[in-house]
Amino acid sequence: MSGNSAALQPPADAVPPVRHPDAPAPGELLGAHYGQCFGCGDEQPHGLHLQARAGEGVSITAEFTVQPAHQGAPGLAHGGVLATALDETLGSLNWLLRTIAVTGRLETDFVRPVPVGTVLHLQAEVTAVAGRKIYCTATGRIGGPDGPVAVRADALFIEVKVDHFVDHGRQEEIQAAMQDPDQVRRARAFEVNP
C-alpha cells in the first residue's frame with residue numbers, strides 16, 4: 001500500500017512474525033471468537049458472518065457476502081462495512097500468533113465499488129512485530145481470490161492483557177462470556193478484539 005503513515009511503518013528493529021506452534025493448521029476454519037461479534041459472530045442477524053481460514057505462515061484468508069443490510073449507496077457496500085471486514089480479517093491474524101491484541105490504527109484504501117451480493121475475498125498477513133506492536137496488511141478482492149482489488153488496508157495492532165476487556169467492556173456481556181459453560185468459547189471470547 002502506498003502513502004501509508006509513518007505509524008504503520010515497522011521500526012528498524014522489528015522482527016519477522018513467528019506462527020505459534022499451537023496455531024490452527026493451514027486451511028483450518030477459525031470460527032467466531034464471540035457469538036455477538038459484528039464481524040464474525042453467528043448470533044448477529046445483520047453482522048458480516050465473516051469466515052476466516054488459517055493460511056501458510058502468519059496469514060489468513062476470509063470471505064463474506066455483502067448483504068442488503070450492508071448498503072451505503074443504493075446497491076453498494078457501505079465503506080464502513082468494508083473497513084470492518086478488513087479490520088476483522090486483520091484481527092483474526094492474532095490467533096496465529098496466539099496473542100491478545102486490539103486495533104491501534106487502521107488505514108484503508110477504497111479502490112473500486114463493491115456491489116450488494118458480491119463475495120469479498122480477503123487475504124491478510126502479519127508483516128512485522130516490534131515489542132507489543134503487530135504490523136499487518138490486507139486486501140479485499142471481488143470476482144474471486146485473484147480478482148481485482150476493491151479494498152486494502154494496513155494496520156497496527158497492540159498486544160494487551162485480558163484485563164483490557166474486563167476493565168472496559170460492558171459488565172453484563174463480560175459476565176455472560178465468563179460464565180459460559182463451554183470452556184473453549186469462554187476462552188475464545190477474549191482471545192482477540194479485531
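Residues numbered from 1 in each chain as written. Predicted model: local features only at pLDDT ≥ 70, side-chain atom pairs only at ≥ 80, totals over all residues. Heavy atoms only, no water.

A. Quick look at the overall build of the chain. When helices and strands are tallied, the chain shows five helices and six strands. From first element to last, N terminus to C terminus, the chain shows the α and β order β-β-α-α-β-β-β-β-α-α-α. Counting across all 194 residues of the chain, residues that qualify as buried make up 42%. Of all intrachain contacts in the chain linking residues separated by at least 6 positions in sequence, the fraction that spans at least 24 positions is 67%. (Helix = DSSP H or I, 4+ residues; strand = E, 2+ residues; numbered from the N terminus. Buried < 20%, exposed > 50% of the residue type's maximum accessible area, 1.4 Å probe, protein only. Contact = heavy atoms within 4.5 Å.)

B. A look at the sheet that holds strand E3 (residues 101-110). In space, the six strands of this open sheet follow the order E1-E2-E4-E5-E6-E3, with antiparallel pairing throughout. Single-partner strands in this sheet number two, and they are strand E1 (51-54) and E3. In this sheet, adjacent strand axes meet at a mean angle of 20 degrees when their direction is disregarded. Two elements, strand E2 (residues 59-65) and strand E4 (residues 119-130), share seven bridges in a ladder whose sense is antiparallel. Following the sheet pairing, Ile 60 is matched in E4 by Ala 124. (Pairing = 2+ DSSP bridges. Axes fitted to C-alpha atoms, helices over the stretch in contact; angles between N-to-C directions.)

C. Molecular detail of helix H1 (residues 79-92). For H1, with 14 residues, the first-to-last C-alpha span of 20 Å sits near the 20 Å given by 1.5 Å per residue. Counting buried residues in H1 gives 11 out of 14 residues, a clear majority hidden from the surface. Every buried residue belonging to H1 is among Val 81, Leu 82, Ala 83, Ala 85, Leu 86, Asp 87, Glu 88, Thr 89, Leu 90, Gly 91 and Ser 92, and all of these are buried. (Expected span 1.5 Å × (residues − 1).)

D. Focus on the environment of Ala 150. Note that Ala 150 resides in strand E6 (residues 149-159). Along the primary structure Ala 150 and Leu 120 are separated by 30 residues, whereas in three dimensions their C-alpha atoms are 8.5 Å apart.

E. Structural context of the pairing of E1. Going residue by residue along E1, you find Ala 52 and Ala 54 tucked away on one face and Gln 51 and Arg 53 left uncovered on the opposite face. Judged from the four bridges that link them, E1 and E2 form a sheet pairing that is antiparallel. Within E2, the position partnered with Gln 51 by the bridge is Glu 63. The turn linking E1 back onto E2 is made up of four residues, and Gly 57 within it adopts a positive phi angle of 60 degrees.

F. Spotlight on the pattern of salt bridges. The full count for this structure, using the stated rule, is two salt bridges. Close ionic contact of Arg 105 with Glu 107 constitutes a salt bridge, the shortest N to O distance being 3.2 Å. Arg 105 gets classed as partly exposed once you look at its relative accessible area, which sits at 36%. The class of Glu 107 is buried, set by a relative accessible area of 17%. Two residues, Asp 109 and Arg 152, come together in a salt bridge whose shortest N-O distance is 3.4 Å. Of this pair, Asp 109 sits in strand E3 while Arg 152 sits in strand E6, placing them 43 residues apart in sequence. (Salt bridge = Lys/Arg side-chain N within 4 Å of Asp/Glu carboxyl O.)

G. Local environment of the pairing of E4. Relative to strand E5 (residues 133-141), E4 runs antiparallel, the two being bridged by nine bridges. Considered in E5, the bridge of Ala 124 is made with Ala 138. Between E4 and E5, which pair antiparallel in sequence order, lie two residues; one of them, Gly 131, sits at a positive phi of approximately 65 degrees.

H. Region of interest: the nonpolar core. The biggest cluster of nonpolar side chains holds 37 residues, and the ones touching the most others in it are Phe 64, Leu 90, Leu 120, Leu 122 and Val 126. Looking at this core, the elements that each hand over two or more residues are E1, E2, H1, helix H2 (94-97), E4, E5 and E6. Among all residues touching Phe 64, those that are not within four sequence positions of it are Leu 48, Leu 50, His 70, Val 81, Leu 82, Ala 85, Thr 118, Val 119, Leu 120 and Leu 122. (Core = buried A, V, L, I, M, F, W, Y, C linked by side-chain atoms within 4.5 Å.)

I. Inspection of empty space enclosed by the protein at higher detail. If you walk through the whole model with that rule in mind, you get one cavity of 30 Å³ or more. In this structure, the largest cavity spans a volume of roughly 40 Å³. If you go around the largest cavity, the residues you meet are Leu 30, Gly 31, Cys 40, Leu 50, Gln 51, Ala 52, Glu 88, Ser 92 and Trp 95. Those elements that place two or more of their residues in the lining of the largest cavity are E1 and H1. Partitioned by chemical class, the residues of the lining of the largest cavity number five nonpolar, three polar and one charged. (1 Å grid on protein atoms, 1.4 Å probe; cavity = no way out; pocket = protein on both sides within 12 Å on 5 of 7 lines; lining within 4 Å. Points joined across faces, edges and corners; volume = space filled by probe spheres on them. Nonpolar A, V, L, I, M, F, W, Y, C, P; charged D, E, K, R; others polar.)

It is worth stressing that arrangement in space is one thing and function is another; only the former is reported here.
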